Amino acid sequence: MAEGTQFLSTTVAGILDTQISPSSIFEEDWSSEVLLLDTTEFPFTAFSRNIKKQEATELKFNWGKDKFRRIRDQINLAAGYAAGSVSVVVDNGGAWEAGAQMVLERTGQLVCYVTAVTTNTLTTSATTVRLENNDWVRIIAPAHQDGSTISEIKTTTIETPYNYCELTRTALGETEGMTNSKKRMGITIDKQRAKSLMEHQIDKEQKNLFGTRYYDNSTIFTTDTHARYYTGGLIPNIETHIVDIGGKLLTNTAWMDFMEESFDTGSSEKMLLASGALMKVLYGFGWAKTEAPPLNETWGVRCTRWVFGSYALNVVRHKLLTGNYYGYFGIVVDPTNIAERIFAGYDTRLKKAILANNELATKEEFISWHGLQWGIEENHAYIFNFAG
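As the structure is a computational prediction, the values presented were derived from the model and not from experiment.

Caption draft 1: Up close: the pairing of strand E19 (residues 339–343). E19 sits mainly inside the fold: five of its five residues count as buried. By the alternation rule, side chains of E19 split into Ala339, Arg341 and Phe343 and Glu340 and Ile342, which are all buried. Here five bridges tie strand E1 (residues 52–56) to E19, and the two strands are oriented parallel to one another. Paired with Lys52 across the bridge in E19 is Ala339. Across four bridges, E19 lies against strand E21 (residues 361–373) in antiparallel orientation. Among the inter-strand pairings, Ala339 is bridged to a residue of E21, identified as Gln373.

Caption draft 2: How the structure looks around helix H3 (residues 252–262). Here H3 has its buried residues at Trp255, Phe258, Met259 and Ser262. Buried residues of H3, viewed axially, fall in a sector of 105 degrees; they line one side.

Caption draft 3: A look at the packing of aromatic side chains. For the structure on display, the rule yields 21 aromatic pairs. Aromatic ring contacts, followed pair by pair, group Phe210, Tyr325, Tyr326, Phe329, Tyr382 and Phe384 into a single cluster. One residue, Arg72, lies across the ring of Trp136, its end atom 3.9 Å from the ring centre. A cation over an aromatic ring shows up here: Lys270 above the ring of Phe263, its NZ or CZ 5.3 Å from the ring centre.

Caption draft 4: Representation of the environment of Leu172 in the model. Its location among the elements puts Leu172 in strand E10 (residues 166–175). The exposure class assigned to Leu172 is buried, which follows from its relative accessible area of 9%. Once the C-alpha coordinates of Leu172 and Ser196 are considered, the two residues, 24 residues apart in sequence, prove to be 7.0 Å apart. Setting aside residues up to four positions removed in sequence, Leu172 forms contacts with Ile189, Gln192, Arg193, Ser196, Thr362, Lys363, Glu364 and Phe366.

Caption draft 5: Quick peek at the pattern of salt bridges. Taken as a whole and assessed by the stated rule, the structure comprises 19 salt bridges. As a salt-bridge pair, Glu340 and Lys204 come within 3.7 Å of each other at their nearest N and O atoms. Here Glu340, found in strand E19, pairs with Lys204, found in helix H2 (residues 189–210); they are 136 residues apart in sequence, far enough to count as distant. Residue classification places Glu340 among the buried positions, given a relative accessible area of 1%. For Lys204, a relative accessible area of 4% gives the class buried. When the shortest N-O distance is used, the salt bridge between Glu359 and Lys363 registers 2.7 Å. Salt bridges sharing partners connect three or more residues here, namely Lys53, Lys204, Glu340 and Asp347.

Caption draft 6: Up close: the nonpolar core. Membership of the largest hydrophobic core comes to 29 residues, with the highest contact counts inside it found for Phe47, Leu234, Leu273 and Ile331. Sorting the residues of this core by element identifies H2, strand E14 (269–274), strand E18 (329–333) and strand E22 (381–384) as the ones contributing at least two each. If near-sequence neighbours (up to four positions away) are discounted, Leu234 is found in contact with Phe47, Asn208, Leu209, Ile331, Val333, Ile338, Leu372, Trp374 and His380. Judged by nonpolar contacts, the second largest core, of 23 residues, contains Phe258, Met259, Leu282 and Leu313.

Caption draft 7: View of unusual backbone geometry. One non-glycine residue with positive phi stands out, namely Ser218, at about 65 degrees. Mapping Ser218 onto the fold places it in the loop between strand E11 (214–216) and strand E12 (228–230). We classify Ser218 as partly exposed; its relative accessible area is 24%. Phi angles above zero are rare outside glycine, and Thr348 is one such case at about 55 degrees.

Procedures and definitions
- Numbers given to residues run from 1 along each chain, matching the order in which its sequence is written.
- Reporting in this predicted model follows two pLDDT cut-offs: at least 70 for local features of residues, and 80 or more for side-chain atom pairs to be given and counted; totals over whole chains, interfaces and linings ignore these cut-offs and use all residues.
- As a rule here, side-chain values cover all heavy atoms of the structure and leave hydrogens and water aside.
- Each residue is placed in one exposure class: buried if its accessible area under a 1.4 Å probe, protein chains only, is under 20% of its type's maximum, exposed if it is over 50%, and partly exposed if it falls in between.
- Put simply, DSSP marks the helices as runs of H or I at least four residues long and the strands as runs of E at least two long, and each gets a number from the N terminus on.
- We call two strands paired when DSSP finds no fewer than two bridges between them.
- As used here, the arc belongs to the directions running from the helix axis to the C-beta atoms.
- Aromatic rings from Phe, Tyr and Trp, with only the six-membered ring used for Trp, were paired whenever their centres fell within 6.5 Å, and each pair was classed as stacked if the ring planes differed by under 30 degrees, edge-to-face if by over 60, and tilted otherwise.
- Charge-over-ring placement is defined geometrically: NZ (Lys) or CZ (Arg) within 6 Å of the ring centre, and within 35 degrees of the ring normal.
- In this analysis, two residues are considered to be in contact whenever any of their non-hydrogen atoms come within 4.5 Å of each other.
- We count a salt bridge whenever a side-chain nitrogen from Lys or Arg sits within 4 Å of a carboxyl oxygen from Asp or Glu.
- Think of a nonpolar core as a cluster: buried Ala, Val, Leu, Ile, Met, Phe, Trp, Tyr and Cys residues, connected wherever their side-chain atoms sit within 4.5 Å.

Structure, rendered in structure tokens:
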């Protein structure tokens, strides 16, 4: 070094500040953690987390579904029947027996007495009014003679719905170097596990709500060597109580009609999984503004509880009900009528140390083997396709 060069630094006027100093001398400022968009899976799993669990001993599982005998029927003749007819065809002759009364629902009038039944044809006393095709009529059970023999034995057909247990897997991992490196923002394998578990539960929720039941034995996935089982979700398996608003505004009258239909069968207290658009509409109704419904915790879910006469509805905004289609949905669920079937004890377990020989890494996987048992589909309902 030449003499005196240690004093030949660049000199500027002014106090030392952040603009003059090189950026390399500053420590970088990082937050203590990575912020996750939703810190709990609850907004996405309000359905699955609150249904009871039952063991499944096979990948295909069945359950029984029975109903009470019919108390109403419909007239089945395109031209209808004039007053004075003595023979009437109905949809379900097996629900009738000699001695029954027929009452027309649209007027409340006694139509006739049934004297004999042959398949779906009723022999009757002369009808008192005209009957139109598809008219609903009440079946009033017969009066029996004093001293008569045993009445006709009637039974109902037990249905056997079924579904499959689906294998859901969510893997995570990091190399040994990554594990032992010093990392900012609290990035650890434990954080990975927590996030992967949330994602795993959200995958299950999507299957339980939207999935289509299917068994594939190398038909679609032609290179597979083993079968795939897809569990059927709730929405595709509701067939009876479905209300399509047709893209129109959802009125208070239409909503109340839907409530009446939703509680036609099943429990008197149910849960509504509502999209944000539906919540907006509901809070616009007068009764919703004035009642100021309390927050309630039912089936382990913090929800809003509205009472409609003798019915109670526990309302939860569900964050998977989004988009142009599902974003305009409301699903009424009877939680007492639903179960998640668990196969081989795989109720979301974490499998660790999934490594090849001499592999320096951490590899783990969340595994669930699960299927939805929706019970009696008539106990559930949904409304959709409304303007919000």
